[in-house]
Amino acid sequence: MYNEEVINKVMKSTGYVVKSMYIAEDEKYYYPYNGEKIEKKDGVKIFGGLEELVPDVYLNYLLLKDNKITDGNDFSVKTDNVDLGTLEQFGGNHRYFSDKNGIYYLENLDTEENSYSYTFIKMNNIDKDSFKVLGEFYAKDKNSVYYENKKLKQADTETFEILKLNYSMDPYAFLVGYDKNGLYYEGKKISNIKMTGKVEKMDVTEFKDSKNVYLFIPDFNTENKKSVIKKLDIPVTAKNIGKFLQEDEKYVYFQDKKIEKAADFKWLTINNDVYQNDKKIYFISPWLWGITELSSDTDNFKMIYETISIKAAKDKDSYYEYKNEMTEWKFTKKTESNFSLLENSTNIGEDFFYDTGKHKYYYVADAYSGKIFELENIKKIDKTFENGYFFGE
């Protein structure tokens, strides 16, 4: 719907990341995702990024026009207690707003029970000069820490900060708070572990301070959430190399598993999920599916195709295919495979392969279904592009 130039402008000028419920802009107009074109003028304003999808990527927006506010789905927002002429959003994203009369939290309403999608809740006894937004639901001033519009009574305002974690395949950002007294999630204290030194995310929901590595385990049970923080037996000096995956010179660490590297240890994939160790081949299944043995034929085992979600390999007697959920997040062992066309080929860019021995080019048209074609009468490919395009002769 929108050209790349407009999309790049909105990302640079406002920090509002273009996603499914987005709004773009240029010098003269706003462009909501519904196709409308709104002229920039007095009385028209965009408040962007209400919901944090993954760390620092936000969805939804509010549009102030004709003295009323609507959201990205064209639902009305209840504004009877705010001054629209002076309404501003803290930080360009998040749920906290201010006007000449105070500070407000933007709260969701159930549209099946209300004619509005959001309402502004005024926050009492706020020190406006020191008020600072920390994340989608967290803020603090010199006196208190706030979760949504309520005080987080156990939190220490001087040392309280947040850490943004997420599963990259799960559209949800986990905002974990921490201070000198412990760790917090969704407005509740969930651990008495005290962070020391610099606190930083490693990957996914793993993070570390100066002494230890930790795992945040969210509980998605809406009625009785019991999210926890688990200390892991991983040195803070270990290098992060993938989801829940670290290594140093002697060991590979996969959550609570510690794998000693044998003399023949080596990674076999770019994404560090297939490796050789002690004369066997192993696959680290994504998320929490664990580590499985693939083959003991290390002399003949080789990867012949690899993306994040699709992989193919072979040894002397068998082929192995992985197609994420289609193969239950595991490699399946097969006697035949369409990927056999590629076993002596080299990837030359995108999904194009070249077999130097046969002097043939191949193209993977659909890796999920195994559609691989020989490019007949092609003498040379000079440059490859997405969607099957290339320069050559």
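Numbering of residues starts from 1 in every chain and runs along the sequence as written. Per-residue local features are limited, in this predicted model, to residues with pLDDT of at least 70; the limit for side-chain atom pairs, both in listing and counting, is 80 or more; totals at the level of whole chains, interfaces and linings are taken over all residues. Side-chain calculation: all heavy atoms of the structure are included, whereas hydrogens and water are not.

### Topic: the sheet that holds strand E33 (residues 310–314)
What the 4 strands build is an open sheet, ordered E32-E33-E34-E35; its pairing is antiparallel. Two strands close off the open sheet at either side, each with one partner strand: strand E32 (302–306) and strand E35 (332–334). The average undirected angle you get between the axes of adjacent strands in this sheet is 25°. Pairing between strands requires that DSSP locate at least two bridges from one strand to the other. Helix and strand definitions here come from DSSP, where helices need a minimum of 4 consecutive H or I residues and strands a minimum of 2 consecutive E residues; each element is numbered from the N-terminal end. Relative to E35, strand E34 (residues 319–323) runs antiparallel, the two being bridged by 3 bridges. If you follow Tyr319 over to E35, its bridge partner there is Lys334. Helix axes are fitted only over the stretch in contact, all axes being lines through C-alpha atoms; the angle between N-to-C directions runs from 0 to 180 degrees.

### Regarding the pairing of strand E10 (residues 102–108)
The element E10 is extensively covered by neighbouring structure, given that 5 of its 7 residues are classed as buried. In terms of strand pairing, strand E9 (residues 96–99) meets E10 through 4 bridges, oriented antiparallel. What sits directly across from Ser98, in E10, is Ile103. Hairpin connection between E9 and E10: a loop of 2 residues separates the two successive antiparallel strands. Where E10 and strand E11 (residues 116–123) come together, 6 bridges link them in antiparallel fashion. Bridge pairing in E11 links Asn108 to Tyr118. Buried residues are those whose accessible area, probed at 1.4 Å on protein chains only, stays under 20% of the maximum for their type, while exposed residues exceed 50% and partly exposed ones sit between those limits.

### A word on the packing of aromatic side chains
Between 30 and 60 degrees the pair is tilted, below 30 it is stacked and above 60 it is edge-to-face, where a pair is any two Phe, Tyr or Trp rings, Trp via its six-membered ring, whose centres lie within 6.5 Å. In the structure shown here, the tally under the stated rule is 30 aromatic pairs. Ring geometry for Tyr275 and Tyr282: centres 5.3 Å apart, planes at 20°, overall stacked. A relative accessible area of 2% places Tyr275 in the buried class. Of the aromatic side chains, those joined through ring pairs into one cluster are Phe90, Tyr96, Tyr105, Phe131 and Tyr146. By definition here, charges over rings are those cases where NZ of Lys or CZ of Arg is within 6 Å of the ring centre and within 35 degrees of the ring normal. The lysine or arginine in question, Lys37, covers the ring of Tyr29, its NZ or CZ lying 4.4 Å from the ring centre. For the cation-ring pair, Lys258 lies above Tyr251, with the distance from its terminal atom to the ring centre recorded as 4.4 Å.

### Points about the nonpolar core
Buried together is how nonpolar side chains tend to be arranged in soluble globular proteins. We call a set of buried Ala, Val, Leu, Ile, Met, Phe, Trp, Tyr and Cys residues a nonpolar core when their side-chain atoms join them within 4.5 Å. Core analysis: the largest hydrophobic core is formed by 32 residues, its most contacted members being Leu165, Leu183, Met195, Phe207 and Phe216. Within the residue set of this core, elements represented by two or more residues are strand E16 (161–166), strand E17 (173–179), strand E18 (182–185), strand E22 (213–217), strand E23 (228–232), strand E26 (251–254) and strand E30 (280–285). Looking at which element gives the most residues to this core, the answer is E22, with 4 residues. Any two residues whose heavy atoms approach within 4.5 Å are treated as being in contact. Once residues lying within four places of it in the same chain are set aside, the contact partners of Leu183 are Val176, Gly177, Tyr178, Lys188, Lys189, Ile190, Ser191, Ile193, Met195, Phe207 and Ile229. Counting 22 residues, the second largest nonpolar core, distinct from the first, contains Phe90, Leu152, Ala155 and Phe160.

### Focus on unusual backbone geometry
Its identity is not glycine, yet Glu148 carries a phi of approximately 60°, on the positive side. Following the sequence through the fold, Glu148 ends up in the loop between strand E14 (145–147) and strand E15 (150–151). One non-glycine residue, Asp278, lies in the positive phi region at around 55°. Structurally, the position occupied by Asp278 is in the loop between strand E29 (274–277) and E30.

### Some words on the sheet that holds strand E31 (residues 290–295)
With antiparallel pairing, the 4 strands of this open sheet are ordered in space as E28-E29-E30-E31. The open sheet has two free edges, formed respectively by strand E28 (266–267) and E31, since each of these has just one partner strand.

### Observations concerning the pattern of salt bridges
The working definition used for a salt bridge is a side-chain nitrogen of Lys or Arg within 4 Å of a carboxyl oxygen of Asp or Glu. For the structure on display, the rule yields 12 salt bridges. Here Glu374 ties to Lys360 by a salt bridge, and the two come within 3.9 Å at their closest N and O atoms. Note that Glu374 is positioned in strand E39 (residues 371–374) and Lys360 in strand E38 (residues 360–366), a separation of 14 residues in sequence. For Glu374, a relative accessible area of 36% gives the class partly exposed. Note on Lys360: relative accessible area 30%, which makes it partly exposed. Through salt bridges with shared partners, a single network forms among Glu321, Lys323 and Lys334.

### Focus on the pairing of E17
Counting buried residues in E17 gives 7 out of 7 residues, a clear majority hidden from the surface. Both faces of E17 are covered, namely the face carrying Ala173, Leu175, Gly177 and Asp179 and the face carrying Phe174, Val176 and Tyr178. Two elements, E16 and E17, share 6 bridges in a ladder whose sense is antiparallel. Residue pairing in the sheet places Lys164 in a bridge with Leu175 of E17. Bridging between E17 and E18 involves 4 bridges; their strand directions are antiparallel.

### A closer look at the confidence of the model for the protein chain
Taken over all residues, the pLDDT of the protein chain has a mean of 86, while the share at 70 or more is 89%. pLDDT expresses, on a scale from 0 to 100, how confident the predictor is about each individual residue. Of all the helices and strands in the protein chain, helix H1 (residues 4–13) carries the lowest mean pLDDT, 51, while E28 carries the highest, 97. In the predicted structure, residues 15–21 sits below a pLDDT of 50 and forms 31 contacts with residues beyond four places in sequence or in another chain.

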